[in-house]
Amino acid sequence: MTLSIIIPTLNEEQALPATLQSVADLVPQPLEVILVDGGSSDRTIELARNAGLKIVHGQPTGRASQMNAGAAIASGDHLCFLHADTSLPKDFVSLVQQTLENNRIALAGFVSIMRGPEKLRWFTTAHNFVKTWYAPLLFRPISFFKGCRLLFGDQVLTCRSSDFNAIKGFDPHQTVMEEADFCLRMSRSGRGVVRQINRKVWSSDRRVAEWGALLANCTYLYIGAMWGLGAKPDRLAEFYKDVR
């Protein structure tokens, strides 16, 4: 098994060093790490170059398009889509291998622990954990009972490159909730179930810190409900501004 890690970025010089350090500490190492940049004006590219990453320039802003571009040049049998503010456990590569050895699993993600410099965001972490289950149960119950769980970007999605290519990757028009849309399409393709693996990854709390816990969680709920009811991506994007 070979693993390609794909990191979409836009002005991530603050968060990226910790993520790159966690990747450098992986044992065993992935086959490659590909950074796909959406037009950063800070030191993101410099940091990636210093770390020896493969770099893809000139991609339109939007994680779905960036992740597709990274997957298009990836050489690994398996793909990992890693946010620039998320850190991995040292045995991550082995975890992916063990998980995807099960041919029933087409797509997997992990338990995201949201933390900042001073504290863990336990309420938001707990909400994000149960959302993986209740969101498909409420809005896509048929898919839920067929084995679909809705994973989100900070849960570090992993899949086989063959399965990714079979469903033509992420929908580039889905500028918000692109990972949840990807989960549904993977499940509906019949290629296997979508699972949350009981191991932790760690994500930045920067959005919660900026907005406050109450507003952040209400926003997550609202966007998820609107997506579940069929709202257009442009409408969802109005409520989900970038925080760096």
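Up top is the structure these notes are about.
Everything in this summary refers to the structure shown in the same document. (Residues numbered from 1 in each chain as written. Predicted model: local features only at pLDDT ≥ 70, side-chain atom pairs only at ≥ 80, totals over all residues. Heavy atoms only, no water.)

Attention now moves to unusual backbone geometry. Omega for the peptide link from Val 27 to Pro 28 comes to 0°, which places this bond in the cis form. Mapped onto the secondary structure, Pro 28 falls in the loop between helix H1 (16–24) and strand E2 (32–37). The phi torsion at Lys 168 lies on the positive side, around 60°, for a residue other than glycine. (Helix = DSSP H or I, 4+ residues; strand = E, 2+ residues; numbered from the N terminus.)

Here we come to the side chain of Asn 128. Along the chain, Asn 128 falls in helix H5 (residues 122–139). Exposure remark for Asn 128: the relative accessible area of 9% places this residue in the buried category. (Buried < 20%, exposed > 50% of the residue type's maximum accessible area, 1.4 Å probe, protein only.)

What follows is about the nonpolar core. Ranked by size, the top nonpolar core spans 34 residues in total, and within it Phe 81, Leu 107, Leu 150 and Phe 182 carry the most contacts. Here the element with the most residues in this core is helix H8 (residues 178–188); it accounts for 5 residues. Not counting chain neighbours up to four residues away, the residues in contact with Phe 182 comprise Leu 107, Leu 157, Cys 159, Phe 164, Ile 167, Gly 169 and Phe 170. One finds Leu 3, Ile 45, Leu 95 and Ala 108 within the second-largest nonpolar core, a separate group that totals 29 residues. (Core = buried A, V, L, I, M, F, W, Y, C linked by side-chain atoms within 4.5 Å. Contact = heavy atoms within 4.5 Å.)

Regarding H1, the residues found buried are Leu 16, Thr 19, Leu 20, Ser 22 and Val 23. Viewed end-on, H1 has its buried residues packed into an arc of 155°, placing them on one side of the element. Where the residues of H1 are buried, they touch strand E1 (3–9), E2, helix H2 (44–50) and strand E5 (86–87). (Arc of directions from axis to C-beta.)

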